[in-house]
Every structure is written in C-alpha cells, then in structure tokens.
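Each chain, letter by letter, is given below.
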Amino acid sequence: MRTTRRQLLLPLALAPVAGWAVWATGAVDAPSHGVGPFHLPLDESTALWRDLAQVRLGGPAGDPQFSARVAALNGQPVAVRGFMVPLADGTAHNRFILSANPVSCPACQSPSPASMLHVHAQGPLGETQEPILLTGTLRLRPHEGLFYRLERAEARWA
C-alpha cells in the first residue's frame with residue numbers, strides 16, 4: 001500500500017493549530033519515543049532541534065518567543081539533520097520542509113512549527129526518506145507559516 005503525498009502533508013497542515021494551544025499554556029507532553037520526543041538520537045547534528053523546540057507563543061498577538069540561545073543563531077550558519085518533506089511532486093527539490101521527525105513515525109512528537117524548517121536549497125536535492133544533513137543560514141520568523149527557514153542550504157555528507 002502506497003502512502004499519498006496528501007496523506008503525508010495533511011498532519012503537517014493540522015499540527016500547528018493543536019501545537020499552538022500547548023505552547024500558549026506552556027504544557028509539555030511526556031515523550032512517547034524511546035529517545036525522547038525526537039526520532040534521531042541526540043548528537044551535534046540533531047541538538048539544534050532541542051533548542052528550536054523551546055519556542056513559546058506570547059504577547060497579545062501570540063508571537064513566537066525565542067530563547068536567547070536561538071535568537072543569537074538568527075542569520076548564522078548551522079548544520080542540522082532531519083527528514084525531507086517535499087512540498088511538490090518530483091524527484092528533486094529546491095524548496096521543502098525539513099522535519100525533526102519522519103511524518104510517518106507514530107511514536108514521535110507530532111509535527112509542529114517548532115520542529116520544522118522551511119528549506120531554500122542552493123540546488124535541487126534528491127528526495128529521500130532517510131535522514132539528511134544540511135548546512136545553511138538559519139532565519140527566525142520568515143513569515144512563511146513556520147518559525148524557521150534554512151537559506152542557501154546544501155547537503156553535507158558525513
């Protein structure tokens with residue numbers, strides 16, 4: 001049985017609504033995955049996700065409130081490992097979502113704006129369901145529906 005792109009992307013579209021309610025109250029769900037809320041083990045290529053996930057919504061407009069550590073990364077080069085979520089059909093993509101967890105992992109933390117980066121790659125990257133390591137420039141609040149964007153992204157091979 002093949003999963004359609006719509007089946008994969010629908011949870012991503014609905015997750016921000018539920019996630020915002022959790023952030024607004026400051027509640028944190030207990031992790032249901034063996035290594036915590038994230039699919040990949042903690043190492044230097046995944047540690048950034050732990051920092052990015054600490055964003056909270058605040059103020060009258062519910063704007064994202066970033067920790068000082070994350071705010072200092074705005075405009076800085078970063079490296080992060082995650083899972084590609086294509087935004088269009090095709091085998092290679094310049095624009096896609098990089099998620100901390102695979103969309104198909106039932107034991108992982110639900111996707112939220114804090115666990116996804118909108119990637120703008122320098123060149124097309126082949127679609128993959130395996131974790132991919134990217135380097136690029138991190139931007140906060142890019143006004144694209146997510147809290148983070150990775151600009152001038154390139155795949156880095158270990």
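Draft legend 1. Here's a closer look at the overall build of the chain. For the chain, the count of helices and strands is three helices and seven strands. For the chain, the sequential pattern of α-helices and β-strands runs α-α-β-β-α-β-β-β-β-β. Considering the chain as a whole, with its 158 residues, one finds that 42% of them fall into the buried category. If you take every contact in the chain between residues at least 6 apart in sequence, the share linking residues at least 24 apart comes to 66%. Total accessible area computed for the chain in this model is approximately 8800 Å², and 55% of it derives from carbon and sulfur atoms.

Draft legend 2. View of the pattern of salt bridges. Evaluation of the coordinates by the stated rule reveals four salt bridges. Note that D63 and R141 form a salt bridge whose closest N and O atoms lie 3.7 Å from each other. Placement of D63 in strand 2 (residues 63-65) and of R141 in the loop between strand 6 (132-140) and strand 7 (148-155) is noted, with a sequence separation of 78 residues between them. By relative accessible area, D63 is classed as partly exposed at 31%. Relative accessible area serves as the criterion here: at 36%, R141 is assigned to the partly exposed category. Residues E151 and R139 are paired through a salt bridge, measuring 2.9 Å at the closest nitrogen-oxygen approach. Taken together, the positions of E151 in strand 7 and R139 in strand 6 put the pair 12 residues apart, joining distant regions of the chain. Via salt bridges that share partners, R139, R149 and E151 belong to a single interconnected network.

Basis of the calculations
Residues numbered from 1 in each chain as written. Predicted model: local features only at pLDDT ≥ 70, side-chain atom pairs only at ≥ 80, totals over all residues. Heavy atoms only, no water. Helix = DSSP H or I, 4+ residues; strand = E, 2+ residues; numbered from the N terminus. Buried < 20%, exposed > 50% of the residue type's maximum accessible area, 1.4 Å probe, protein only. Contact = heavy atoms within 4.5 Å. Areas by Shrake-Rupley, 256 points an atom, 1.4 Å probe, with all protein chains shown as cover. Salt bridge = Lys/Arg side-chain N within 4 Å of Asp/Glu carboxyl O.

Everything listed is a geometric property; what it means functionally is a separate question.
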